[in-house]
There are 2 protein chains.
Amino acid sequence: MKSSVEKVFLDYMHDNGLSMTPQRKLIVETFLETEGHFSAETLWSIVRERVSDVGQATVYRTLKILVDSGLADCFDLGDGVSLYEHAYGHEHHDHLVCMQCGAKVEIFDQTIENRQEEVAGRFGFELTRHRMYLFGLCPKCQKEKA
Amino acid sequence: MKSSVEKVFLDYMHDNGLSMTPQRKLIVETFLETEGHFSAETLWSIVRERVSDVGQATVYRTLKILVDSGLADCFDLGDGVSLYEHAYGHEHHDHLVCMQCGAKVEIFDQTIENRQEEVAGRFGFELTRHRMYLFGLCPKCQKEKA
DNA sequence: CATTTAATTGCAATTGGTTTTCAGTATCGC
DNA sequence: GCGATACTGAAAACCAATTGCAATTAAATG
Ligand SMILES: [Zn+2]
Ligand SMILES: [Zn+2]
Ligand SMILES: [Zn+2]
Ligand SMILES: [Zn+2]
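Parameters and conventions
Residues numbered from 1 in each chain as written. Chains lettered and ligands numbered in written order. Predicted model: local features only at pLDDT ≥ 70, side-chain atom pairs only at ≥ 80, totals over all residues. Heavy atoms only, no water. Helix = DSSP H or I, 4+ residues; strand = E, 2+ residues; numbered from the N terminus. Buried < 20%, exposed > 50% of the residue type's maximum accessible area, 1.4 Å probe, protein only. Contact = heavy atoms within 4.5 Å. Pairing = 2+ DSSP bridges. Donors = N, O, S within 2.8 Å, 3.2 Å for Na, K, Ca; no water.

*Asks:* Even after reading the chapter, I still don't get the overall build of chain A, so can you show me in this structure?
*Replies:* Of the regular secondary structure elements, chain A holds six helices and six strands. The N-to-C order of helical and strand elements in chain A reads α-α-β-α-α-β-β-β-β-α-β-α. Along the first, second and third principal axes, the C-alpha atoms of chain A reach 45 × 45 × 30 Å. Residue burial in chain A is summarised as follows: out of 146 residues, 39% are buried. Put simply, of all contacts in chain A between residues at least 6 apart along the chain, 49% involve residues at least 24 apart.

*Asks:* Sorry, what's going on with the sheet that holds strand 3 (residues 82-86) of chain A here?
*Replies:* The strands making up a sheet associate through hydrogen bonds between their backbones, and the pairing can be parallel or antiparallel. Residues and elements named next belong to chain A. Here we have three strands laid out as an open sheet, ordered 1-3-2, and antiparallel in their pairing. The open sheet has two edge strands, strand 1 (38-39) and strand 2 (72-76), and neither has a second partner. By the bridge criterion, two bridges tie strand 1 to strand 3 in an arrangement that is antiparallel. Across the sheet, S39 pairs through a bridge with L83, a residue of strand 3.

*Asks:* Would you take a moment to explain the coordination of the zinc ion (ligand 4) for this structure?
*Replies:* Metal coordination angles have textbook ideals: 109.5 degrees for a tetrahedral set of four donors and 90 or 180 degrees for an octahedral set of six. Residues and elements named next belong to chain B. For the zinc ion (ligand 4), the protein coordination sphere consists of H37 (NE2), E85 (OE), H93 (NE2), H95 (NE2) and E106 (OE), at 2.0 to 2.2 Å. Sequence spacing of the donors to the zinc ion (ligand 4): H-x47-E-x7-H-x1-H-x10-E. Of the two residues, H37 is situated in the loop between helix 2 (22-33) and strand 1 (38-39) and E85 in strand 3 (residues 82-86); the sequence distance between them amounts to 48 residues.

*Asks:* Please clarify how the coordination of the zinc ion (ligand 2) should be interpreted in this entry.
*Replies:* At the metal site, the zinc ion (ligand 2) is ligated by H37 of chain A (NE2), E85 of chain A (OE), H93 of chain A (NE2), H95 of chain A (NE2) and E106 of chain A (OE), and these contacts range over 2.0 to 2.2 Å. Mapped onto the polypeptide sequence, the residues donating to the zinc ion (ligand 2) form the spacing pattern H-x47-E-x7-H-x1-H-x10-E.

Structure representation (structure tokens):
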């Protein structure tokens, strides 16, 4: 039985005249099995543990498809490295990041989300999306510092 | 009479063993006279209208000093280009950006700021800073689209 | 003011993540 | 199968930003 995610991906592929290839299959499977927030480089290294001759460009190209199809979300914390995470079946969330150890906590606050809409509306803007990153020290790194 | 901003800058320079040079003076003055949100490249082009042989690297290096001294704030909207704006005497604010025309509105909402602290606290984090960008369509671009 | 030392400059080369080019190869609808 | 189209890996290109370097300049000291 085909999972729901796979169906969404295959439909997107078909609807856009894209072909399924062994490389894409491998990359998509690896992406879906990898939890958390990771870079293209990291995904590439995991993929290569399985099949060694997958090109880096193919990983980037497939990640683009994953984002476009709604399976992946891409964001960057301001250091020039794009991070990817699962988007299908995952509700919207923002991130709380430890500047010391890099730990990332997924956060969501309906009050903030509502206020964002309201503030945008105050200026006549129609809001499409937003990004919010909170940076600080996680409990563990606070202790280590003290 | 020396302005307060200039004093802060010169003090920072002196306290860190940095020298004042004609190039730095020009770049800082140009920065202070330029309002809004602009890239290093843009600032460089304005600087070169005044003195043609200022190096690009010097602009980047001086912008770094401006950020470190608290005169400038640097952020990027996710497209890989750093934008700079005045920070001295400017209260913290976030940005509302039109994805069509690039218009940027400075926003501030105390409720959001409070909630950010609260959410971080919920996970034991000590919050240091945050970035929030709201993307959408400004009133003008909405009309043009309809 | 001259001297000395450390900082700064412009240029060009380099970096690092990401994208593009290209010639060969594989996929898909028929 | 077959042909049109899409995909691949490798390498080159991109591009904002940084860095190495030799020449120049600021500024602290006497
Ligand atoms: Zn949110
Ligand atoms: Zn996440
Ligand atoms: Zn804010
Ligand atoms: Zn601003």
